[in-house]
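In case you want the letters, here they are:
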Amino acid sequence: MPLSGLDATAVARCLSQIADHGDDLAEAYFERLEEVEYPAADEEPGIRVRREEGFAIRLVRDGRSWLAARDQITTGAFGEAMRQVARALPAAPYPEPTLDPAPFPTLEDTSRLARFPTAVTRAIRRQLAAFPMRLRVKRHRRWLRVIGTQLAPEPQSESFYSCDVDLPWGRFGALTPDLSGGTVERLATSLTTLFRAQDAPRVEPAERSVVLAPPAAAVLLHEVVAHALETDTLMMGGRVESALGLQLGGPLLNVLDDPTNAPESVRRSSDDEGMIAVRRWLLRDGVVEQPLADLFAAHHSRALMPGAARRGNRHRSPAPRSTHLELLPGDSSLHELLAAADRGLYFPEVSSGRLDPLSGRFSIFLPYGRRIEGGALGELVGPCRLRGTVSGLLGGINGVGQDVESAGAGWCAKNGLKLPVWATTPAIGIGSAEVRG
Amino acid sequence: MTGDSLASGVVEALAGRGLKDVEVFLKSGRSRRFEIGPQGRIASSSQEEGWAVRAGSDRSSLFVSGTGRPATVGPWPDPDGQPLRLPPAVAVPLWNPPADLEAPLSGEIEAIRLLEAIETSVTSELSGARLLRGLLDEGSSQTSILSSRGIDASYRGRAASLFVEMAGPWPGAETVGVAMARREMRSFHAPTIARRLVDRLLLQREGQSPDRDRGEFLLGPALGVRLLVALLPLVLGGGSEAIVRALRDRRGRIGSELLTIKDDGRYRGGILEAPVDGEGRPTRETVIVGEGRFNQPLVSWNEAQGTAVGASGCVRRPSWRDLPRVAPSHLYLAPSPDVKVASLLTAVTRGYYLIDTQGSGRFDLERDSFRLPVCGFALRQGHAAVPLAGAWLTGSISAWLRGIQGVARDIEFEPWSGMIGSPTTLVTGLELRRNPD
């Protein structure tokens, strides 16, 4: 474990010196990151490796936070950061803790990563397609440990892969917990469909019935449920507690955030503030039950439960974000969802989304879709935007599929924090939504 | 071990592995960040230190980066992919470092006062307006580049950035934001920033859009900047030849005689002002478009080899984590030193003064068209007559470039991918529409 060798007891003792007011929160966050990337075949330089480590000390008092971060894990740097964060220095300070983390492990075999682009190209050919593309694949690993004055949860780690593909007609990105054969086939299918959809006709702007496949449903729910129910978003609109009990969607909507049930390589038992990660009901039968909260929000409201804090890196303070979103299955088969949306549109994937936190208006960008004709999938259509308000869209969901998939993983960027997010969802049907070509 | 001897050790170690071209990039710095928002008041301080090594032979290459200082023992993966060629050293013209490099970074009280002053100024004019998020960053850095081809360069830099997001008190209000960058936090002027926010908020509430209208358009710096950002594919080489061919008229011009676009890595007082670029090559002024005629795109030393154009010294490397890439440093539409905005304003008998954008807009260089959401005022006889908002400035990019009838002296830079600057311009040949489709 790369972050062993930290004297947690001594760190906690040091932190207790600066957390000298009753409600103070003080914590030390240690992290290590490693990224290994194989760029596209025509790009130099070849293999790319990034390794970094560091820590941050944070003190929260009366609605104010002080944070000091360093790009090294050493006893001297820790003492210096402690002095920067402390509001008053103790008369007889405890000795600085010994921080002697084990060295980074040797670089693991990367041959699987190197072979991935060739595997994807072969899978595309098996689908009787061939087109120019530039594929970059990257392995991300992260180890972290949070030590507070009263808690020192188990160290956490994450490992996953990202792919970025430049195509003559656009870009495509995906996150995946592994580089299995299934991942290769899914990526090849997405790219091949994008290729075949490049000359597809555009749809006319109109209100339409829509069916979103699991990957598209996951991104939509991330934008309109997860982001809308982050406590920092809710605080912009007023009191967070006023959202509790609000009927945000129909009774078919049971949405949770559960980092403990994420794909194994990114599964978490505690969040980036060291709080226990829980199976959190965001919407139960369409009613807001428990927003995504961090310690700061939970400190100001007893109705809120911490455990959803995430950090982009040690230099930034934590903020409430989703980790692994789940929509519980309904009782509709895909055939039934399509039959209920005749003459509508089916969207397998979403390329990006955006939510205005104040007005509740959102836009989702869909790279391609298919017409639904006679309850079956018809011709391909070109890129579209789906727009609306959170309440309007969630209220319009009229069917939830019965088959869930681990799908819709992607990068979430909000307030400058870029974080990987995961989801497990079925398909959903929406009675009427504004679609523009 | 000093930075230089350490870097020399790395160069030697990698040369011993058959990698004859080796470059060591070292960057360290400190920064402060102050935030007012839904997470309370946050004061952060960071000390950052990182390095990057590019190395290659005629057959393969690698890129490795990390925190702290590089070690001669690596980790060095087996090189892979494409060969790597590093630039040879050339003489760097004399450069006088800016005087403010020694100025201390701002403190917490100073920063919070600035954010509070902006909020107070806005609310004194617009009761009930709310500061949703205010963010101030300030930092200084030192960079060194040493290579096996004789590059040995060091330079320092400093920058401050401000982001403020506010909302009006009326129902359905959307957020309004301002993002700025200066060399020092002390250069931000609270009343000016508040004025811009108040204008935007009031226009959002009171502004209306005509169905369709033409006339003379006075485009404020924010619009000029946004249009220049859309022209980046023209500036950055690659596909610039095809774009120039499409935009060029019978006289060989792509724009009005008043159109001169430059990039300058030594722009006096600029945030990215430096003697060398991210590969240690000298920076310089590059005229991209001179009096309406396309001159050359930005090109790296490698791209310039065997061509008639000169290398621009324009390879940017914002962090040690980033690979060097061609990008603007200070890209701007050259101002006319003798022309006041007021003189352009009074020259408009019937038209619009567009002061800001209200979204990102859509630009299509291939189809030579753009649509940009804007706000401002309708002008009658040089005076503001009616507030304008929710309108789209539409037309062809070539019409905008050729329709520039006047350029003022009030250049302003905004932080994008590099600093992009524009003065106020007077343009004809464009159209305002309520509905962009």
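Reading the values: the criteria
- Here the residue numbering is sequential within each chain, running from 1 through the sequence in written order.
- To label them, take the chains in the order written and letter them from A, then take the ligands in the order written and number them from 1.
- Two thresholds apply to this predicted model, a pLDDT of at least 70 for residue-level local features and 80 or more for giving and counting side-chain atom pairs, whereas whole-chain, interface and lining totals are computed over all residues.
- The basis for every side-chain value is the complete set of heavy atoms in the structure, and neither hydrogens nor water enter the calculation.
- What counts as a helix is a DSSP run of H or I of at least four residues, what counts as a strand is a run of E of at least two, and both are numbered from the N terminus.
- Only C-alpha atoms enter the radius of gyration; for comparison, a globular chain is expected to reach 2.2 Å times N to the power 0.38, where N is the number of residues.
- Buried, partly exposed and exposed residues are distinguished by accessible area as a fraction of the type maximum, computed with a 1.4 Å probe on protein chains only: under 20%, between the cut-offs, and over 50%, respectively.
- Contact criterion: two residues are considered in contact whenever any of their non-hydrogen atoms come within 4.5 Å of each other.
- All accessible-area figures derive from a Shrake-Rupley calculation using a 1.4 Å probe, and residue coverage is judged against the displayed protein chains alone.
- Think of a salt bridge as a Lys or Arg side-chain nitrogen and an Asp or Glu carboxyl oxygen that are within 4 Å of each other.
- Buried area adds together the accessible area that both of two parts lose upon being put together, with accessible area traced by a 1.4 Å probe.
- Contacts described as polar in this section are N or O atom pairs within 3.5 Å, which, within protein, must combine one atom able to donate a hydrogen with one able to accept it, while residues neighboring in sequence count only if both atoms come from side chains.
- A 1.4 Å probe that fits but cannot get out identifies a cavity on a 1 Å grid over protein atoms alone, an open set with protein on both sides within 12 Å along at least five of seven lines counts as a pocket, and a residue lines either if it has an atom within 4 Å of a point.
- Grid points are joined across faces, edges and corners, and a volume is the space filled by probe spheres set on the points.
- For this scheme, ten residues count as nonpolar: Ala, Val, Leu, Ile, Met, Phe, Trp, Tyr, Cys and Pro. Four count as charged, namely Asp, Glu, Lys and Arg, and the remainder, Gly too, count as polar.
- Confidence of the predictor in every single residue is expressed as pLDDT, which spans 0 to 100.
- Side-chain atoms within 4.5 Å are what join buried Ala, Val, Leu, Ile, Met, Phe, Trp, Tyr and Cys residues into a set we call a nonpolar core.
- Any pair of Phe, Tyr and Trp rings, taking the six-membered ring for Trp, is counted once the centres come within 6.5 Å. Such a pair is stacked with planes under 30 degrees apart, edge-to-face with planes over 60 apart, and tilted for the rest.
- DSSP-based pairing: two strands are paired if at least 2 bridges between them are found.
- For every element, the axis is a line fit to its C-alpha atoms; helices are fit only across the contacting stretch, and the angle between N-to-C directions ranges from 0 to 180 degrees.
- Residue count minus one, scaled by 1.5 Å, sets the expected span of a helix.

## Considering the overall build of chain A
Here is step 1: Across its full length, chain A holds nine helices and 24 strands.
Here is step 2: Since a compact globule built from 437 residues should have a radius of gyration of about 22 Å, the 23 Å found for chain A is in line with a globular shape.
Here is step 3: Dimensions of chain A, computed from the C-alpha atoms along their principal axes, are close to 80 × 55 × 30 Å.
Here is step 4: Within chain A, the fraction of its 437 residues that count as buried is 60%.
Here is step 5: Taking as baseline every contact in chain A between residues at least 6 positions apart, the subset at least 24 positions apart corresponds to 71%.
Here is step 6: Per element, the accessible surface of chain A, about 17,000 Å² overall, is 50% carbon and sulfur.

## A few points about the pattern of salt bridges
Here is step 1: Across all of its chains, the model carries 77 salt bridges over all chains by this definition.
Here is step 2: With a closest N to O distance of 3.8 Å, R134 of chain A and D166 of chain A form a salt bridge. Of this pair, R134 of chain A sits in strand β4 (residues 134–148) while D166 of chain A sits in strand β5 (residues 156–167), and the two are 32 residues apart along the sequence.
Here is step 3: What makes R134 of chain A partly exposed here is its relative accessible area of 31%.
Here is step 4: Within the structure, one salt-bridge network assembled from shared partners comprises E31, E35, R50, E52, D71, K138 and R314 of chain A together with R321 of chain B.

## Section: the interface of chain B and chain A
Here is step 1: At the interface, 46 residues of chain B touch 48 residues of chain A.
Here is step 2: Here chain B meets chain A over a buried area of about 3,800 Å², counting both sides, of which 47% is carbon and sulfur.
Here is step 3: If you sort the residues of chain B by the area they bury against chain A, P38, Q39 and Q47 of chain B come out on top, with a joint share of 16%.
Here is step 4: Taken together, the links from chain B to chain A amount to two salt bridges.
Here is step 5: The residue E52 of chain A makes a salt bridge to R321 of chain B at a minimum N-O spacing of 2.8 Å.
Here is step 6: Taken together, chain B and chain A are joined by 26 residue pairs in polar contact (both at pLDDT 80 or more).
Here is step 7: Put simply, the parts of the chain that give the side of chain B that touches chain A at least two residues each are β2 (40–56), β3 (61–67), β4 (130–147) and β5 (152–167) of chain B.
Here is step 8: It is β2 of chain B that contributes the most residues to the side of chain B that touches chain A, 11 residues altogether.

## What to know about empty space enclosed by the protein
Over the atoms, a rolling probe the size of a water molecule traces out where space has been left empty.
Here is step 1: If you walk through the whole model with that rule in mind, you get seven cavities of 30 Å³ or more.
Here is step 2: Residue lining of the largest cavity: 13 residues in total, with A319 and N415 of chain A together with E35, Q39 and R133 of chain B positioned closest to the centre.
Here is step 3: When its residues are assigned to classes, the lining of the largest cavity shows five nonpolar, three polar and five charged.
Here is step 4: Approximately 90 Å³ is the volume found for the second largest cavity.
Here is step 5: For the second largest cavity, the full set of lining residues is E158, P259, R268, S270, D271, D272, A277, G307, A308, A309, R310 and T323 of chain A.

## As for the confidence of the model for chain B
Residue and element names in this part refer to chain B.
Here is step 1: Overall, the predicted model of chain B reaches an average pLDDT of 93, with 99% of residues at or above 70.
Here is step 2: Ranking the helices and strands of chain B by mean pLDDT puts strand β14 (residues 330–333) first, with 98, and helix α1 (residues 3–15) last, with 83.
Here is step 3: Both scores are available for the predicted complex, with the pTM at 0.93 and the ipTM at 0.92.

## Concerning the nonpolar core
Here is step 1: Counting residues in each nonpolar core, the largest one holds 57 residues, and the members touching the most others are F30, I57 and F78 of chain A together with L136, L162, F188 and L197 of chain B.
Here is step 2: Discounting residues that sit within four places of it in the chain, F188 of chain B has contacts with L114, L136, A160, S161, L162, M180, A181, R182 and I193 of chain B.
Here is step 3: With 50 residues, the next largest nonpolar core counts V203, A218, L221 and I430 of chain A among its residues.

## So, the packing of aromatic side chains
All names here are of chain A.
Here is step 1: Taken as a whole and judged by the stated rule, the model has 15 aromatic pairs over all chains.
Here is step 2: With a centroid separation of 6.3 Å and 10 degrees between ring planes, the pair formed by F30 and F78 is classed as stacked. Here F78 lies in helix α2 (residues 75–85) and F30 lies in strand β1 (residues 25–38), a separation of 48 residues in the sequence.
Here is step 3: Judged by relative accessible area, F30 falls into the buried class, the value being 0%.
Here is step 4: Where F160 meets W422, the ring centres are 5.5 Å apart and the plane angle is 80 degrees; that geometry is what we call edge-to-face. Pair noted here: F160 is in strand β5 and W422 is in strand β23 (residues 417–425), with a separation of 262 residues, a long-range link.
Here is step 5: What links up through ring pairs into an aromatic cluster is the set F30, F55 and F78.

## A short note on the layout of surface pockets
Here is step 1: The calculated volume of the second largest pocket comes to roughly 660 Å³.
Here is step 2: Considering the residues around the second largest pocket, the lining is formed by 32 residues, among which W51, T67, G68, R69 and P70 of chain B are closest to the centre.
Here is step 3: Within the residue set of the lining of the second largest pocket, elements represented by two or more residues are β2 (47–61) of chain A together with α1, β1 (21–37), β2, β3 and β4 of chain B.
Here is step 4: Examining the composition of the lining of the second largest pocket, we find that five residues originate from one element, β2 of chain B, more than from any other.

## Looking at the sheet that holds strand β21 (residues 418–422) of chain B
Residues and elements named next belong to chain B.
Here is step 1: Reading across the sheet, the six strands line up as β11-β10-β9-β14-β21-β20 and stay open at both edges, with mixed pairing between neighbours. If you trace the sheet from one side to the other, it starts and ends with β11 (293–294) and β20 (412–416), each paired once.
Here is step 2: Contacting β9 (261–264), β14, β20 and β21, helix α4 (residues 221–230) crosses the sheet at an angle of about 125 degrees to β21.

## Side note on the pairing of strand β6 (residues 170–176) of chain A
Residues and elements named next belong to chain A.
Here is step 1: In the sheet, β5 pairs with β6 via seven bridges, with the strands oriented antiparallel. Among the inter-strand pairings, D166 is bridged to a residue of β6, identified as R171.
Here is step 2: The turn linking β5 back onto β6 is made up of two residues.

## Examining helix α3 (residues 111–126) of chain A
All names here are of chain A.
Here is step 1: Between the first and last C-alpha of α3 there are 23 Å, a value that for 16 residues agrees with the 22 Å anticipated at 1.5 Å per step.
Here is step 2: By the burial criterion, the buried members of α3 are L113, F116, P117, V120, A123 and I124.
Here is step 3: Where α3 is buried, its residues contact β1, β4, β5 and α4 (181–196).
Here is step 4: L128 occupies a position one or two residues after α3 and carries a positive phi of about 60 degrees.

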